[in-house]
Amino acid sequence: MPDNWGYVFSAYGLAAAALLVYWRRLAGRAKILAGRGAPRRGRGQDR
Amino acid sequence: MAARELASRVLGCLAVLAIIAGLGAAFGYAPREAVQGNVQRIMYLHVPAVLTAYLAFALVFVGSVGYLLTRRAGWDRLALAAAEPGVLFTGITIASGSIWGKPTWGTWWTWDARLTSTAVLFLVYVGYLLLRGMVDEPDRRARAAAVVGILGAANMPIVHFSVKWWRALHQPSTILGPEPSPIAAPIAVALLINWIAFTLLFAYLLAARMEIARLEDTHAG
Amino acid sequence: MSGYARRVWMVVWKDALTERRSKESLNVLVFFSLLLLFVFQFALGPERARVEAALPGLLWLGFILSGLLAFGRTFLVERENDCWEGLVLTPGDKSAIYLGKLAGNVLVMIVVEVVLLALFAVFFAIDFTPVLPGLAAVLSLGTLGLASVGTLFGAVTAQMRARELLFPVLLLPAVVPVLLASVSATQTVLSGLPLADAGAWLKLLAAADLVYLVVGILTFEFVLEG
């Protein structure tokens, strides 16, 4: 059977991309929260 | 708190190291599989991903029960922080399974038992996250999510068997399953290393997400 | 009758009375079944063979779609009449309310299912009488599965503004096993095979029903807290 490295790399690449995007989102939110410091009022009602 | 940050960084570094080791095992140490060729290496991504997803949703169950019994927000944060990476890993499982399937079976999707079960799991927990996103009041959100999370977890074995039997009706099981059988030692070792790597990565993401949720709760209070 | 059973019965009785006086839900649901029949026919085209082949699936599609409407409205009466607090303040074991509402939903579904079967019999010239007992068994177990999750999630989403969106989104993935098992068992029964041939599926359905009921009974009080 041919080796299909393209498929292997796209699978790993997709997984890596997804994880990286999620991790960066988390890091971004953590940074914002660290910058805030002071407590704030609660947020809105039921949507 | 400095200790918490330090622990998080250590966990993150451990996870990265384990991932590197896992990749090495998957591409270097593990042999080229006789029947499928190198495309079988996708399994070192696919199988650990689904195992990690199961772990995640088990933790959603734990957090859900914990919240209902104690009403302490920490349990709800655990449920949320486990569900998000859980859905992510489930998505990776499905995508890698599908990509593996194309050269192997010729189509991007087959309604094979594992892929279908995992897809149903994905639908259940995406619904869980959507529910959480649509309720703002913390206690109501936690309680509603907990009920859905508990039913979702209890449903997992039922879904697994129903899909498996349904599948057996329509097609005999193929030899080319995602796991080769019997499993040769190097393949098992590579799977193990990658599974550990994914678990560490999940633990890191879980802790980070929980911390963010904790900070958000403090700021909103 | 024990206190618990009496409270369950009171919920069923109250809902039945409300329904009989207003006649809204049941009539519309029955009419909805008729509409579904036409929709299925138009979707599948004029060949009778196609409809016959798809019959088990069509039946359960019909039941699920009707169920989505019916279960979503389980607590509508309490919500619209500001009686939700009344539910919340009920003393004692709130799971009695869950069972009462579940019983009511099952009754509604039985009516809908009988009507849908009758309509299929008439419009597609299908005779269900030889397989009726087996069919009834499958329908009972499957309906219980749909209704037990539907009633629980109906309560969970009752107070949400996004209720109409969230309820189907939550219910459908959760009842996949019920759907798979019920359609397979219905297929077996409709082909004239003995009920025992669908034994494995029926056992799965029974196990699923048990799990859903237990989760519903145990978690319902947490749903009803204001």
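The model shown is predicted, which means the values in this text are computed figures rather than measured ones. (Residues numbered from 1 in each chain as written. Chains lettered and ligands numbered in written order. Predicted model: local features only at pLDDT ≥ 70, side-chain atom pairs only at ≥ 80, totals over all residues.)

Below, the discussion takes up the overall build of chain C. What chain C contains, in helices and strands, is eleven helices and zero strands. Of the regular secondary structure in chain C, the N- to C-terminal order runs α-α-α-α-α-α-α-α-α-α-α. A globule of 226 residues ought to have a C-alpha radius of gyration of about 17 Å, and chain C, at 18 Å, matches this closely. In terms of principal-axis extent, the alpha carbons of chain C reach across some 55 × 35 × 30 Å. Buried positions account for 44% of the 226 residues belonging to chain C. (Helix = DSSP H or I, 4+ residues; strand = E, 2+ residues; numbered from the N terminus. Rg over C-alpha atoms; globule rule 2.2 N^0.38 Å. Buried ≥ 20, exposed ≤ 12 C-beta atoms within 10 Å, placed from the backbone.)

The next point concerns the overall build of chain A. Each helix and strand counted, chain A has one helix and zero strands in total. The buried share among the 47 residues of chain A stands at 13%.

Here the focus is helix H2 (residues 24-44) of chain C. All names here are of chain C. Over its 21 residues, H2 runs 30 Å from end to end, which matches the ideal 30 Å to within 8%, given 1.5 Å per residue. Within H2, burial applies to Ser33, Leu37 and Phe40. The buried side chains of H2 occupy one side of the element, clustering within an arc of 75° when seen end-on. Within H2, the exposed residues directed more than 90 degrees away from the buried face are Asn27, Val28, Phe31, Leu35, Phe38, Phe42 and Ala43. For H2, the secondary structure elements touched by its buried residues are helix H4 (55-72) and helix H7 (95-123). One or two positions beyond H2, positive phi appears at Gly45, with a value near 90°. (Expected span 1.5 Å × (residues − 1). Arc of directions from axis to C-beta. Contact = placed C-beta atoms within 7 Å.)

Turning next to unusual backbone geometry. Notably, Arg71 of chain B is not glycine yet its phi reads approximately 60°, a positive angle. Position of Arg71 of chain B relative to the elements: it lies in the loop between helix H2 (43-70) and helix H3 (73-105). The class for Arg71 of chain B is partly exposed, based on 13 C-beta atoms found within 10 Å. The backbone of Ala125 of chain C shows a phi angle near 50°, a positive value even though the residue is not glycine. Locating Ala125 of chain C in the fold gives a position in the loop between H7 and helix H8 (132-157).

All names here are of chain C. At their nearest, the axes of H8 and helix H9 (residues 163-174) sit 10 Å apart, and the two run at 150° to each other. Taken together, H8 and H9 sit at an angle that is classed as roughly antiparallel. Between H8 and H9 lies a crossing whose hand is right-handed. Contacts between H8 and H9 pair Val149, Gly150, Phe153, Gly154 and Thr157 from the former with Arg163, Leu166, Phe167, Leu170, Leu171 and Ala174 from the latter. Along the lines of polarity and charge, the residues of the contact of H8 with H9 split into seven nonpolar, three polar and one charged. (Axes fitted to C-alpha atoms, helices over the stretch in contact; angles between N-to-C directions. Parallel < 35°, antiparallel > 145°, perpendicular 65-115°, else oblique. Left-handed = near helix turned anticlockwise from the far one by under 90°. Nonpolar A, V, L, I, M, F, W, Y, C, P; charged D, E, K, R; others polar.)

Below, the discussion takes up the environment of Ala34 of chain A. All names here are of chain A. Its location among the elements puts Ala34 in helix H1 (residues 5-36). For Ala34, a count of 10 C-beta atoms within 10 Å puts it in the exposed group. For the pair Ala34 and Trp23, spaced eleven residues apart in sequence, the C-alpha to C-alpha distance is 16 Å.

Let us now look at the packing of helix H10 (residues 176-190) of chain C against helix H11 (residues 199-223) of chain C. Packed helices, taken two at a time, are described by their axes: the angle between them and the distance between them. Residue and element names in this part refer to chain C. H11 packs onto H10 with a crossing angle of 150° between their chain directions and a minimal axis gap of 9 Å. Considering the angle they form, H10 stands roughly antiparallel to H11. Crossing of H10 against H11: the hand is left-handed. Every residue of H11 that contacts H10 at Pro177, Val178, Ala181, Ser182, Ser184 and Ala185 is listed here: Trp201, Leu202, Leu204, Leu205 and Ala208. For the contact of H10 with H11, the class distribution of residues is nine nonpolar, two polar and no charged.

Next up on the list: the confidence of the model for chain C. In low-pLDDT regions, the fine details of the predicted coordinates are not to be read closely. Per-residue pLDDT for chain C has a mean of 90; in total, 98% of the residues score no lower than 70. Interface confidence for the predicted complex, expressed as ipTM, amounts to 0.91; the pTM equals 0.90. (pLDDT = per-residue confidence, 0-100.)

Glancing now at the environment of Leu76 of chain C. All names here are of chain C. Here Leu76 is to be found in helix H5 (residues 76-80). A tally of 14 C-beta atoms within 10 Å means that Leu76 is categorised as partly exposed. The spacing of Leu76 and Ala155 is 79 residues in sequence and 9.5 Å in space, taken between C-alpha atoms.

Next up on the list: the environment of Ile193 of chain B. All names here are of chain B. Mapping Ile193 onto the fold places it in helix H6 (residues 185-220). Under the C-beta neighbour-count criterion, Ile193 is labelled buried, with 22 such atoms within 10 Å. Taking C-alpha positions, Ile193 is 9.6 Å from Gly24, a pair spaced 169 residues apart along the chain. Beyond its immediate stretch of four places on either side in the chain, Ile193 contacts Ala21, Gly22 and Ala25.

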